[in-house]
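Fold and geometry: a report
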Amino acid sequence: MIYHGNRFTLRPDASPEQVEEALESLRNQGRVIPSVKSFVVGRDFGGEYEWGAVFMIEDLEGYWEYLIHPAHRNTDRVGLPLVDKFASFDITDDPDPEMAAKIAELHQRRYDNDPDLTKLVSDLGEYSGSAAPGKHGD
């Protein structure tokens, strides 16, 4: 299993309506992307972030489906412009020593094929995660 997580803090000028639209889009990802087996979206406690989401996915094929699904793309479109700080991470019980590189390759392929997404992520105040684009990957 792969648990794909996101932790984020929104810009202070994000309106309550924009915040709810972005959070609902994250919840929708969990409901409609077939490879997502379970998910949670909500407040992030015990760290420096305000919000978080975790999506449980069985394998790399499902991870790719998750990354390129239109529901995920909608969250990028409505949510990323509101984000100040963002961290993406993965936890897996797969013993493959190349798993981190394989996950990073999926993210890199997505960035390579989606310049609009790459710009959205590059423009974030702070970003950490697999294959971080722009200034965040330096």
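So, how was this worked out
Residues numbered from 1 in each chain as written. Predicted model: local features only at pLDDT ≥ 70, side-chain atom pairs only at ≥ 80, totals over all residues. Heavy atoms only, no water. Helix = DSSP H or I, 4+ residues; strand = E, 2+ residues; numbered from the N terminus. Rg over C-alpha atoms; globule rule 2.2 N^0.38 Å. Buried < 20%, exposed > 50% of the residue type's maximum accessible area, 1.4 Å probe, protein only. Contact = heavy atoms within 4.5 Å. Areas by Shrake-Rupley, 256 points an atom, 1.4 Å probe, with all protein chains shown as cover. Polar contact = N/O pair within 3.5 Å; in protein donor to acceptor, adjacent residues only side chain to side chain. Phe/Tyr/Trp six-rings, centres within 6.5 Å; stacked < 30°, edge-to-face > 60°. Lys NZ or Arg CZ within 6 Å of the ring centre and 35° of its normal.

- The name given to the protein chain in an unreviewed UniProt entry is Stress-response A/B barrel domain-containing protein, and the organism recorded there is Amycolatopsis umgeniensis.

A short note on the overall build of the protein chain
- Per the secondary structure count, the protein chain includes five helices and five strands.
- When the helices and strands of the protein chain are placed in sequence order, the string is β-α-β-β-α-α-β-α-α-β.
- Against the 2.2 N^0.38 benchmark of 14 Å for 138 residues, the protein chain shows a C-alpha radius of gyration of 14 Å, consistent with a compact globule.
- Looking at the 138 residues of the protein chain, the share that counts as buried comes to 46%.
- Counting contacts in the protein chain only where the partners sit at least 6 residues apart, residues at least 24 apart contribute 70% of the total.
- Of the accessible surface of the protein chain, which amounts to about 7,300 Å², a share of 53% is contributed by carbon and sulfur atoms.

Focus on the side chain of Ser 35
- Here Ser 35 shows up in the loop between helix H1 (16–32) and strand E2 (36–43).
- Residue classification places Ser 35 among the buried residues on the basis of a relative accessible area of 7%.
- Of note is the side chain of Ser 35, whose polar atom sits 2.8 Å from the backbone oxygen of Gly 62.
- Each residue touching Ser 35, except ones within four places of it in the same chain, is listed here: Met 56, Ile 57, Glu 58, Gly 62, Glu 65 and Tyr 66.

Observations regarding the packing of aromatic side chains
- For the structure on display, the rule yields five aromatic pairs.
- Ring centres 6.2 Å apart and planes at 15° place the aromatic pair Phe 39 and Phe 55 in the stacked group. Of this pair, Phe 39 sits in strand E2 while Phe 55 is found in strand E3 (residues 51–57), placing the two residues 16 residues apart along the sequence.
- Ring geometry for Tyr 63 versus Tyr 66: centroids 6.3 Å apart, planes at 85°, classification edge-to-face. Of this pair, Tyr 63 and Tyr 66 both sit in helix H2 (residues 60–68), three residues apart, which is roughly one turn of that helix. In this pair, the class of Tyr 63 matches that of Tyr 66, namely buried.
- Within the aromatic cluster, the residues linked to one another by ring pairs are Phe 39, Phe 55, Tyr 63 and Tyr 66.
- The ring of Trp 64 carries Arg 109 above its face, with NZ or CZ at 4.1 Å from the centroid.

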